[in-house]
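Take a look at the letters that make up each chain.
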Amino acid sequence: MPLRIVSSLSKRREDFQPIHDKKIGLYVCGLTVYDVCHIGHARTFLAFDAIVRYLRFLGYDVTYVRNFTDVEDKIIKRALQEGVDSRVVSERYIRQAEEDFDALGMIRPSVEPKVTEHMGEIIAFVQALMDKGVAYAVDGDVYYEVNKFSGYGKLSRRTPDELQAGARVDIDERKRNPLDFALWKSGKPGEPVWESPWGLGRPGWHIECSAMATKYLGDHFDIHAGGADLVFPHHENEIAQSEAVLGGDWVKYWLHCGTLNIHHEKMSKSLGNYLTIQDALRRYHPEVLRFFILSFHYGSIIDFSDAFVEEKEQGLERLYHVLQQLDTTLDASLQDPALAAASSLSHSESEMVTRLAELRQAFIEAMNDDFNTAEAAGVLFQTAAVLKKYLLSLEDDTHTIGGGSYFALNQGRAFLKEVGQIFGIFQCSPDLLFQSVLERKLQNVVLPLPEIQQMISDRSQARKTKDWKRADAIRQALADHRILVQDTPEGTTWSVRR
RNA sequence: GGCGCGGUAGCCAAGCGGUAAGGCGAUGGUCUGCAAAACCGUUAUACGUGGGUUCAAUUCCCACCCGCGCCUCCA
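If you're wondering where the values come from, they're calculated on a predicted model, not measured in any experiment.

About the criteria used
Residues numbered from 1 in each chain as written. Chains lettered and ligands numbered in written order. Predicted model: local features only at pLDDT ≥ 70, side-chain atom pairs only at ≥ 80, totals over all residues. Heavy atoms only, no water. Salt bridge = Lys/Arg side-chain N within 4 Å of Asp/Glu carboxyl O. Helix = DSSP H or I, 4+ residues; strand = E, 2+ residues; numbered from the N terminus. Buried < 20%, exposed > 50% of the residue type's maximum accessible area, 1.4 Å probe, protein only. Phe/Tyr/Trp six-rings, centres within 6.5 Å; stacked < 30°, edge-to-face > 60°. Near = heavy atom within 4 Å. Polar contact = N/O pair within 3.5 Å; in protein donor to acceptor, adjacent residues only side chain to side chain. Core = buried A, V, L, I, M, F, W, Y, C linked by side-chain atoms within 4.5 Å. Domains from an automatic or database assignment. Contact = heavy atoms within 4.5 Å. pLDDT = per-residue confidence, 0-100. Expected span 1.5 Å × (residues − 1). Arc of directions from axis to C-beta. Pairing = 2+ DSSP bridges. Axes fitted to C-alpha atoms, helices over the stretch in contact; angles between N-to-C directions.

### Observations regarding the pattern of salt bridges
Per the stated rule, a full pass over the model turns up 31 salt bridges. A salt bridge links Lys154 to Glu243; its shortest N-O distance comes to 2.8 Å. Of this pair, Lys154 sits in the loop between strand E6 (141–144) and helix H5 (160–165) while Glu243 sits in helix H7 (residues 231–246), and the two are 89 residues apart along the sequence. The exposure class of Lys154 is partly exposed, given its relative accessible area of 29%. A relative accessible area of 10% places Glu243 in the buried class.

Laid out in structure tokens, this is it:
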């Protein structure tokens, strides 16, 4: 099955056919930089991060554009409050966002255009709308005339009448239609302004995306993505502007990512119910966050809670456990160079190789079905189960494995690593992952590390003398502090309960 | 009020016309001094409710109930 995409415009599965063969232009609406990012932002950008990775995996040459809107009312407001230039505010949060995104392991977009660096293109776009007669200037402001665009409302599936019926904004008498929106806003003293044919001012929200997407991706491009909360008015207005100037269907496929909710409410700065990316990363390994988010389909709403993330954390650790077993077995066998070469496969070995190929195909099929990372994640667990069983079947032998088994297991590990790159997981060694997860959990434990170690060692002494009563008392004392003791053939280890 | 999305096992979540992926939990087992971890097995005659279309519906249509989103800034 080829790649199929459910575009927000059609709401139906469509075969994906790029405008220019193997080249894909993809624009993701980025951030307005007036504050730090929360995990709601992370959800959207991580979802599209995986989509870009997958398109590249399929061999497409993706030009990935994600903007920073660095001129906007809230930035100006914040700058005023702090008594600094708005540039200070926007630059601070751009830097912070880049740090957060890097920490989450996101691939960098091909271009990250900023509004302040594209004033010429933006003004030209507004002028083009004026020339077309779909925009009008009033007192230094320029508005888009919604009535001039017959397709207005096609993305959000509402007619202009329906939109007006629910309007909760005060009517601006200077507008010809209450739905008309600002393309250019005149500036007040103290605000950042640029010269334009309509006087000093700044761009309205929406126009920057039309202008910058067009500059980097051309008049028509393949995929435009963003959060579901941008459908109206942002994307509706982008369509109106762009199609009025450029004609035809501006974007071929629209992708909208579901919001991330907390306690059944959308996480947002205005509600104050957010967890910043930085705070989330203190609690969870980046791969855990990625795996959590990607275990949902990009379009669905995620209800966030620590319990849900911890559930996925456990799942990811189990997957890593298989990887660790694979490493152990394969590394041990590698000591004999002759084993590294693929030799003729026995029946069970070739069955294993076939099964792995099927699973790889299942993963691809899942991703081909509108980037269904949730289903693809399921394939990862199925693969783990298959691999574990095979590993178990090998255990009867002497600890060395034959070339055929080596080949099969290596195939399995290569598959996990390969698709792991699409999810952005399996990028570190199992030990490092376990250690890192443990360290994050340890933050919530009040017992000092030396004390824990002392108690463990005391308990080991007690066990040596078969003083089970004392050993169990210490174990219970540790358990009261959420420390779980594990006795293994290699000695006693411990972990932190979730 | 309008428009949109969703309601699938104890919980989370895929599937969206041919008879229910996966994860967590629970439970039985292997292991263990006992545990834990890990591993193996079991775990939905059933998909919000009521109608309808169809040989066949969780999947399509209608109504209703519930939740969320958007209609103001929002990823």
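Having put the structure on the table, let's press on.
### Some thoughts on the packing of aromatic side chains
Across all of its chains, the model carries 19 aromatic pairs by this definition. When the ring of Phe221 is compared with that of Trp250, the centres are 5.3 Å apart and the planes differ by 80°; the resulting orientation is edge-to-face. Taken together, the residues span a long stretch of sequence, with Phe221 in strand E9 (residues 221–227) and Trp250 in the loop between H7 and strand E10 (251–257) at a distance of 29 residues. With respect to burial, Phe221 and Trp250 carry one shared label: buried. On the basis of an interplanar angle of 65° and a centroid distance of 6.5 Å, the ring pair of Tyr298 and Phe371 is categorised as edge-to-face. Of this pair, Tyr298 sits in the loop between helix H9 (286–294) and strand E13 (302–304) while Phe371 sits in the loop between helix H12 (347–368) and helix H13 (373–394); the two residues are 73 residues apart in sequence, bridging distant segments of the chain.

### Details of the protein's contact with RNA strand B
Among the 58 residues in the neighbourhood of RNA strand B, the closest are listed as Lys74, Trp205, Leu230, Lys266 and Met267. In this structure, Leu260 approaches RNA strand B through a main-chain N or O atom, which is 3.1 Å from a base nitrogen. Asn372 places a side-chain nitrogen or oxygen 2.8 Å from a sugar or linking oxygen of RNA strand B. A per-element tally of the surface near RNA strand B places H13 first, with 8 residues.

### Looking at the nonpolar core
Grouped together as the largest cluster of nonpolar side chains are 98 residues, with contacts concentrated most on Leu55, Phe363 and Phe423. With 11 residues, helix H1 (residues 39–57) is the single largest residue contributor to this core. Looking at this core, you find at least three residues from each of domain 1 (16–283) and domain 2 (313–428). Those residues in contact with Leu55 that lie beyond four places of it in its chain are Leu3, Phe16, Ile24, Leu26, Tyr60, Val62, Ile223 and Phe371. Counting 43 residues, the second-largest nonpolar core is a separate cluster that includes Val111, Val115, Met119 and Ile123.

### Concerning the confidence of the model for chain A
Per-residue confidence for chain A gives a mean pLDDT of 93; residues scoring 70 or more make up 96%. When mean pLDDT is taken per element in chain A, strand E4 (residues 61–69) scores highest with 98 and helix H11 (residues 337–340) scores lowest with 62.

### Comments concerning helix H4 (residues 119–131)
Between the first and last C-alpha of H4 there are 18 Å, a value that for 13 residues agrees with the 18 Å anticipated at 1.5 Å per step. Along H4, the positions that sit buried rather than exposed are Met119, Ile122, Ile123, Phe125, Val126 and Leu129. All buried residues of H4 fall inside an arc of 155° around its axis, so they share one side. For H4, the exposed residues lying more than 90 degrees away from the buried face are Gly120 and Asp131. Where H4 is buried, its residues meet strand E5 (135–138), E6, strand E7 (181–186), strand E8 (201–203), helix H6 (207–217) and H7. Positive backbone phi, approximately 80°, marks Gly133, located one or two places after H4.

### Side note on the environment of Phe381
For Phe381, the location among the structural elements is in helix H13. For Phe381, a relative accessible area of 26% gives the class partly exposed. Taking the C-alpha atoms as reference points, Phe381 and Gly315, separated by 66 residues in sequence, lie 8.5 Å from one another.

### Here we look at the sheet that holds E8
On the basis of which strands lie adjacent, the open sheet formed by 4 strands has the order E5-E6-E7-E8 and antiparallel pairing. With one partner strand each, in any of the chains shown, E5 and E8 form the two edges of the open sheet. Averaged over all neighbouring strand pairs, the angle between strand axes comes to 20°, with direction disregarded. Sheet topology places E7 next to E8; 3 bridges connect them, and they run antiparallel.

### Brief notes about the pairing of strand E15 (residues 491–496)
Here strand E14 (residues 483–488) pairs with E15 via 6 bridges, running antiparallel. For Gln486, the partnering residue across the bridge sits in E15 and is Thr493. A loop of 2 residues connects E14 with E15, the two strands running antiparallel in sequence.

### Overview of the domain arrangement of chain A
It is common to report an interface's size as the accessible area lost on association of the parts. In terms of domains, chain A is made up of domain 1 (16–283), domain 2 (313–428) and domain 3 (445–496). The distance between the C-alpha centroids of domain 1 and domain 3 comes to 55 Å.

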